Amino acid sequence: MATLKTLNEFIIEKQSEHHNATGEFSRLFGDITIAAKIINREVNKAGLVDITGAYGTENVQGEAQQKLDVYANEIFIGALRNGGECAAIASEEDEDIVILDGPSANSKYLVAMDPLDGSSNIDVNVSIGTIFSIFKRKDTSVPVTRDEFLRKGIEQVAAGYVIYGSSTMLVYTTGSGVNGFTLDPSIGEFCLSHPDMKIKEDGKIYSINEGNINISTKGVKEYVQDCQEQLFSARYIGSLVADFHRNLLKGGIYIYPATEKAPNGKLRLLYECSPLAMLAEQAGGKASDGKNRIMEIDPTELHQRVPYYVGSTKMVEKAESYL
Ligand code: P6P
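Residues numbered from 1 in each chain as written. Predicted model: local features only at pLDDT ≥ 70, side-chain atom pairs only at ≥ 80, totals over all residues. Heavy atoms only, no water.

J.: Is there a simple way to think about the overall build of the chain in this case?
T.: When its secondary structure is counted, the chain shows eight helices and 13 strands. The C-alpha atoms of the chain give 19 Å as radius of gyration, which agrees with the globular expectation for 323 residues (20 Å, within 12%). Along the three orthogonal principal directions, the C-alpha set of the chain runs to about 55 × 55 × 50 Å. Scored against the burial criterion, the 323 residues of the chain give a buried share of 53%. Considering only contacts in the chain between residues 6 or more positions apart, those separated by 24 or more positions represent 65%. Counting 32 positive and 44 negative side-chain charges, the chain places the averaged centre of each group 5 Å from the other. (Helix = DSSP H or I, 4+ residues; strand = E, 2+ residues; numbered from the N terminus. Rg over C-alpha atoms; globule rule 2.2 N^0.38 Å. Buried < 20%, exposed > 50% of the residue type's maximum accessible area, 1.4 Å probe, protein only. Contact = heavy atoms within 4.5 Å. Lys, Arg positive; Asp, Glu negative; His and termini not counted. Charge placed at Lys NZ, Arg CZ, Asp CG, Glu CD.)

Below, the structure written as structure tokens:
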């Protein structure tokens, strides 16, 4: 029987492969994992919380019930602040960066994240996710600035997501392949369940909100028509992490194109498109804005949106050929 390998054991094993590893990255990752476990616990009882919340009850900390994405944001910020390995955070939930003072002040890592993506799906019991991206500071002797986060995806040292679904999984890469870990609640550990994940070069699943098709470009309409003529399956969960994860396992493409309503698409480059692009590429797939490789886009502002085509290489290339 294969031996169980926890995420912590895996990270320490990998750390020893990086000769100059000082354990800081491993500790940073441990902080992210702790936050994911806490959020998992809250997400799993979200329905219940909503019911009690509806009666204005307070949670165990005596605070008024918060929206779960605000709560998730605070949990991640708290875990990273206490861990002391992250100098600052860029979050979808905060307009400006959050600088972590105290022990974190001269840490060498920066984290960009969407603490709980798809949170509108919580009260309909649909899978949701956390997306995170890790950069290394160039100079820890100067204060962190907002501009320091405006880095190309190729500069990420790690990227990953947590999917809170029928099971809770953490999937990440540090640039040498993608590995998936499933949370075993009975021992509170993420255990290696999907080693060396690869996405199929081609697939038959396409994920796009076809409600926007009439306000999408001609090329998008033509590509969707092409998928329909080939009798592909349309699967759109309305939760990026869930659609991405299914396509990673089964092959497929996820598209959030530019539309008349959203001329740059809806998804954010820094903490949604870029980290998932690193994972897609590391798994043998592709991620573009319809023309340019996502990982090469030079961000100009923190919450910048980009059109997004990600998944099986041949499907992304076929879509690009129509654009
Ligand atoms: P629409 C959730 O709000 C999200 O950011 C992604 O998780 C999801 O794929 C997309 O937006 C859904 O957006 O416009 O299709 O409802």
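This is not the end of the story, as more comes after the structure.
J.: What is the right way to read the pattern of salt bridges from this model?
T.: Pairing between side chains becomes possible if they bear opposite charge and their charged atoms approach one another. Under the defined criterion, the tally for this structure stands at 23 salt bridges. A salt bridge links R81 to D101; the shortest N-O distance between them is 3.4 Å. Separated by 20 residues along the polypeptide, R81 in helix α4 (residues 68-83) and D101 in the loop between β2 (98-99) and β3 (109-117) bring together distant segments of the chain. Relative accessible area serves as the criterion here: at 30%, R81 is assigned to the partly exposed category. In the salt-bridge network here, residues are joined through shared partners; they are K152, E281, R293 and E296. (Salt bridge = Lys/Arg side-chain N within 4 Å of Asp/Glu carboxyl O.)

J.: Hey, could you run me through the sheet that holds strand β13 (residues 308-311) in this one?
T.: For sheets, the rule is that strands pair by backbone hydrogen bonds, running either parallel or antiparallel. Taken together, five strands build an open sheet; the order of strands is β10-β9-β11-β13-β12 and the sheet is mixed. Of all the strands in the sheet, just β10 (233-234) and β12 (286-288) have a single pairing partner and so form its edges. Helix-sheet contacts for helix α7 (residues 269-282) involve β12 and β13, and the interaxial angle to β13 is about 25°. (Pairing = 2+ DSSP bridges. Axes fitted to C-alpha atoms, helices over the stretch in contact; angles between N-to-C directions.)

J.: Even after reading the chapter, I still don't get empty space enclosed by the protein, so can you show me in this structure?
T.: The method is simple in principle: a probe with the dimensions of a water molecule rolls over the atoms, and the space it marks as empty is what remains. This model, assessed by the stated rule, comprises one cavity of 30 Å³ or more. One number sums up the size of the largest cavity: a volume of about 30 Å³. Taken together, I208, G219, V220, Y223, V224, I255, Y309, A319 and L323 form the lining of the largest cavity. Ranked by the residues each element gives to the lining of the largest cavity, the list is headed by helix α5 (residues 218-229), at four residues. (1 Å grid on protein atoms, 1.4 Å probe; cavity = no way out; pocket = protein on both sides within 12 Å on 5 of 7 lines; lining within 4 Å. Points joined across faces, edges and corners; volume = space filled by probe spheres on them.)

J.: Could you clarify how one ought to interpret the layout of surface pockets in this entry?
T.: The space that makes up the largest pocket amounts to roughly 460 Å³. Taken together, 24 residues make up the lining of the largest pocket; nearest its centre are H18, A21, F25, Y109 and T174. Secondary-structure elements contributing two or more residues to the lining of the largest pocket are α1 (7-17), α2 (24-44) and β6 (168-173). With five residues, α1 is the largest single contributor of residues to the lining of the largest pocket. Classifying every residue of the lining of the largest pocket by side-chain character gives seven nonpolar, twelve polar and five charged. One number sums up the size of the second largest pocket: a volume of about 360 Å³. Around the second largest pocket, the lining comprises 22 residues; the ones closest to its centre are D117, G118, G238, K266 and L267. (Nonpolar A, V, L, I, M, F, W, Y, C, P; charged D, E, K, R; others polar.)

J.: Explain the site of the ligand here, please?
T.: The immediate surroundings of the ligand are formed by D117, G118, N209, Y236, G238, S239, L240, Y254, Y256, K266 and L267. Note that an oxygen atom of the ligand is positioned 2.7 Å from one of the backbone N or O atoms of L240. Contacts to the ligand include Y254, whose side-chain N or O atom sits 2.7 Å from an oxygen atom. Relative to its unbound accessible area of 400 Å², the ligand is 79% covered by the protein chains. Using a 2 Å cut-off from the grid points, one finds that the ligand occupies the second largest pocket. Its residues placed into classes, the shell around the ligand shows five nonpolar, four polar and two charged. (Near = heavy atom within 4 Å. Polar contact = N/O pair within 3.5 Å; in protein donor to acceptor, adjacent residues only side chain to side chain. Areas by Shrake-Rupley, 256 points an atom, 1.4 Å probe, with all protein chains shown as cover. Sits in = over half its atoms within 2 Å of the grid points.)

J.: Looking at this structure, I do not really get the packing of α1 against α2. What am I missing?
T.: Packed helices, taken two at a time, are described by the angle their axes make and the gap between the axes. For the pair α1 and α2, interaxial distance at closest approach is 10 Å and the crossing angle is 160°. Comparing the axis directions of α1 and α2 gives the class roughly antiparallel. As α1 runs across α2, the sense of the crossing is right-handed. Contacts between α1 and α2 involve L7, I11 and Q15 from the first element and S26, F29 and T33 from the second. (Parallel < 35°, antiparallel > 145°, perpendicular 65-115°, else oblique. Left-handed = near helix turned anticlockwise from the far one by under 90°.)

J.: What am I meant to see in helix α6 (residues 240-250) here?
T.: Within an α-helix, residues lying three or four positions from one another point in the same direction, as the helix has 3.6 residues per turn. Judged by how many residues are buried, α6 sits mostly within the fold: nine of eleven residues are covered. Of all the residues in α6, the buried ones are L240, V241, A242, D243, F244, H245, R246, N247 and L248. One or two residues past the end of α6 sits G251, with phi positive at roughly 90°.

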